[in-house]
Amino acid sequence: MYSLIFHGKKSIELQKWRNPRILVMLFQNVFAFSNSFSTAIAAAASPDVSPRDGQKGNNFTVSYLVESLGLTTKLAESISRKVSIEDSENPGTVLTLFRSYGFTDSQVSTIVTDYSKLLVADAERSIGPKLQSLQSRGASTSELTEIVSKVPKILGIKKDKAFNVYYDFIKEVIEADKSSKFKKLSHSLPQGSKQENKLRNVLALRELGVPQRLLLPLLISGPKFACGKERFEESLKKVVEMGFDPTSLKFVEALRIVQGLKEETIKEKVNVYKSLGFAVEDVWTMFKKWPNSLTYSEKKITKKFETLKKCGLVENEILSVFKKSPHCIGVSEQRIENFIDTLLGLGFSRDEFVIMVNRFPQGLNLSAENVKKKTEFLVKKMNWPLKAVASTPAILGYSMEKRIVPRCNVIKALMSKGLIGSELPALSPVLAITDQAFLNKYVKKHDDKELVADLMAIFMRKTRKKDKAFGP
C-alpha cells in the first residue's frame, strides 16, 4: 500500500514506506539543501506566561471552557489538568483580545486547546504586544490568525527577534505548501547556532513529508529535540530505515525517542524485554506499534508482568497481549486491578476475564465506570447474555453515544414492529460491523421509504415528530 504525502493542495505519491532503500535514498538527499534564513536568531526562552495566584479547583475551569468556548466536557476536563482558572476576568480578557484581532471562535478554541496556558497569560503585556507587532509589520488578519492558530506556542517566545524570525519561517512554510507544486525552501543562515540547526532539521523533516500539523510545533519544542546535526541525522536515518510513515505522529514520536536515548540505554531496554521472553524482533515490532515501549523502566515492565500473572494470565498470554497492544505496558496496576474487579462484580468469571484480555488487550486501559456502563446497558437493557459480551470484548471500546445506543435503538424499533422476529439478533453482527454494513443489513433493505427514513432518524439520533416511539 502506497502512502500519500501532502504538501498544501498537492499530494506526492512515494514508494512503500516499508522499502527502506527508497526512503534512505530520499533521506540522503534531504540534508543537501542549504540552510535557512539570512538573519541571526536570538534564543527562544521559556513561555512568557504569568499565572495569577490562587485556584478554585477544576470545576470552574471546566464550566467556563464549556460555556465560553463550547468545548466538550471531556476536552475541558483535559485542559483543566494543565491550567486552573480562578475567575473569568483574565481568560475573558484573553479571549476578547483574540477576537478583536479577527480570530474565529473555532480558531480560539484550537489555540486554547493546544496552548491552554495562554488563558492565564497577561493579555495586555504578553499577548497583545506580539499580535500588535505582527500587525504593524503588515500581517493581514487571515495570515496572522492562520499562523497563530496553527502554532499558538509561538506566543510564548519572549525575545522579539526570535519570535519574528520563527513567525516568518512558519509563514514561508505555510505559503510554500499552498502552492500546487512542492516548493523546496533554501536560505542562508549563520552556521552553528541552535536556531540554524532547528530550522535546517525541520526543513529536512518537511522534505521527507512530515505534515504541517506535526512539523510546525517542533519549532517551539524543547531545546534537545530537532536540534543538533550529526545526532539528528543519525536518529532520523534509523527511524526511516525502520519503515515509519513520515506522515504519521508515530514517526515524530519514534524520532524523539531514538534521539533522546543513548545507544547503551536502548540495548539495556531490549535486554529487559528479552529476559521476559520476547525476541529482539518482537521488541522492534512493539516499538513500531508504540514507540513509548522503549521508554518504560525495567521495574514498570516486570511489575506489569507480575500483575497480569496474578490476574490469571500465563506467560505466553502476557507476551501475546503486549505484542498486540504494547501500550498496555504503560497502564497502571491500579487500573488493571479495577478492570478485573469491575468485570468480576458484573458477573464475569476469571476465565472470561482472561479470554477478554487476550481478545481485546486495549480493554485494560478502559475505566471501570466505562466498562460497567456499557455492560449493564447491553445486558440489562438490551438483554444480551453476559457471555456474548465476553466473546466479543472489543465492543467495550465502542462509543455509547455514537455507536452502541443508536444501533440498539434501531434493533429495538425493528423488533417492536416484528421485522426481525421476536428474538434479539447476535451481538457481534449488530455492533462489530461497519456503519455501512449495519445500515445495509438493518435499515436500507426495507421497501417502505417512510420506515427507512424513521430508522435513519433513529440511527442519526434524531426523532421524527410523527412517531415519538422511535426516539432514542
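Cut-off values and rules
Residues numbered from 1 in each chain as written. Predicted model: local features only at pLDDT ≥ 70, side-chain atom pairs only at ≥ 80, totals over all residues. Heavy atoms only, no water. Salt bridge = Lys/Arg side-chain N within 4 Å of Asp/Glu carboxyl O. Helix = DSSP H or I, 4+ residues; strand = E, 2+ residues; numbered from the N terminus. Buried < 20%, exposed > 50% of the residue type's maximum accessible area, 1.4 Å probe, protein only. Axes fitted to C-alpha atoms, helices over the stretch in contact; angles between N-to-C directions. Parallel < 35°, antiparallel > 145°, perpendicular 65-115°, else oblique. Contact = heavy atoms within 4.5 Å. Nonpolar A, V, L, I, M, F, W, Y, C, P; charged D, E, K, R; others polar. Patch = residues over 30% accessible without salt bridge, like charges linked within 9 Å, V, L, I, M, F, W, Y side chains within 5 Å. Areas by Shrake-Rupley, 256 points an atom, 1.4 Å probe, with all protein chains shown as cover. Lys, Arg positive; Asp, Glu negative; His and termini not counted. Charge placed at Lys NZ, Arg CZ, Asp CG, Glu CD. Core = buried A, V, L, I, M, F, W, Y, C linked by side-chain atoms within 4.5 Å. Polar contact = N/O pair within 3.5 Å; in protein donor to acceptor, adjacent residues only side chain to side chain. Phe/Tyr/Trp six-rings, centres within 6.5 Å; stacked < 30°, edge-to-face > 60°.

**Details of the pattern of salt bridges**
All told, the structure shown has eleven salt bridges when counted by the stated rule. The salt bridge involving Glu143 is made with Lys171; its shortest N-O contact spans 3.3 Å. On the criterion of sequence distance, the pair formed by Glu143 in helix 7 (residues 141-150) and Lys171 in helix 8 (residues 160-177) is long-range, its members being 28 residues apart. Under the relative-accessibility criterion, Glu143 is labelled buried at 14%. The class of Lys171 is partly exposed, set by a relative accessible area of 31%. What emerges from the salt-bridge pattern is a single network uniting Glu234, Lys238 and Glu263.

**Looking at the packing of helix 19 (residues 368-381) against helix 21 (residues 400-416)**
Between helix 19 and helix 21, the least distance of the axes is 11 Å, while the angle of their chain directions is 5°. Judged by the inter-axis angle, helix 19 sits roughly parallel to helix 21. In contact with Lys373, Lys374, Phe377 and Leu378 of helix 19, helix 21 contributes Met400, Glu401, Ile404, Val405 and Cys408. For the contact of helix 19 with helix 21, the class distribution of residues is six nonpolar, no polar and three charged.

**Looking at unusual backbone geometry**
We note that Asn383 has phi near 70°; this positive angle belongs to a residue other than glycine. For Asn383, the location among the structural elements is in the loop between helix 19 and helix 20 (386-391).

**Remarks on a positive patch on the surface**
On the surface, Arg81, Lys82, Lys117 and Lys153 cluster together into a patch of positive charge. Structurally, Lys82 can be placed in the loop between helix 3 (73-80) and helix 4 (89-100). Take Lys82: its relative accessible area is 52%, and that puts it in the exposed class.

**Observations concerning the nonpolar core**
Phe98, Leu131, Phe251, Phe322 and Leu378 are the most contacted members of the largest nonpolar core, which totals 133 residues. The contact partners of Phe251, leaving out residues within four places of it in the chain, are Leu205, Leu208, Val210, Leu236, Val239, Val240, Phe244, Asp245 and Pro246.

**Things to note about helix 21**
Of the positions making up helix 21, those classed as buried are Met400, Ile404, Val405, Pro406, Arg407, Cys408, Asn409, Val410, Ile411, Ala413 and Leu414. Where helix 21 is buried, its residues contact helix 19, helix 22 (427-431), helix 23 (435-442) and helix 24 (449-459). The opening residue of helix 21 is Ser399, an N-cap whose side-chain oxygen sits 3.4 Å from the backbone nitrogen of Glu401. The first or second residue beyond helix 21 is Gly418, which carries a positive phi of 70°.

**Structural notes on the packing of aromatic side chains**
What characterises a pair of aromatic rings is the spacing of the ring centres plus the angle enclosed by the ring planes. All told, the structure shown has ten aromatic pairs when counted by the stated rule. Note on Phe339 and Phe353: the rings are 6.0 Å apart at their centroids and 55° apart in plane angle, and the pair reads as tilted. Taken together, the residues Phe339 in helix 17 (residues 333-346) and Phe353 in helix 18 (residues 350-359) connect sequence positions 14 residues apart. Residue classification places Phe339 among the buried positions, given a relative accessible area of 3%.

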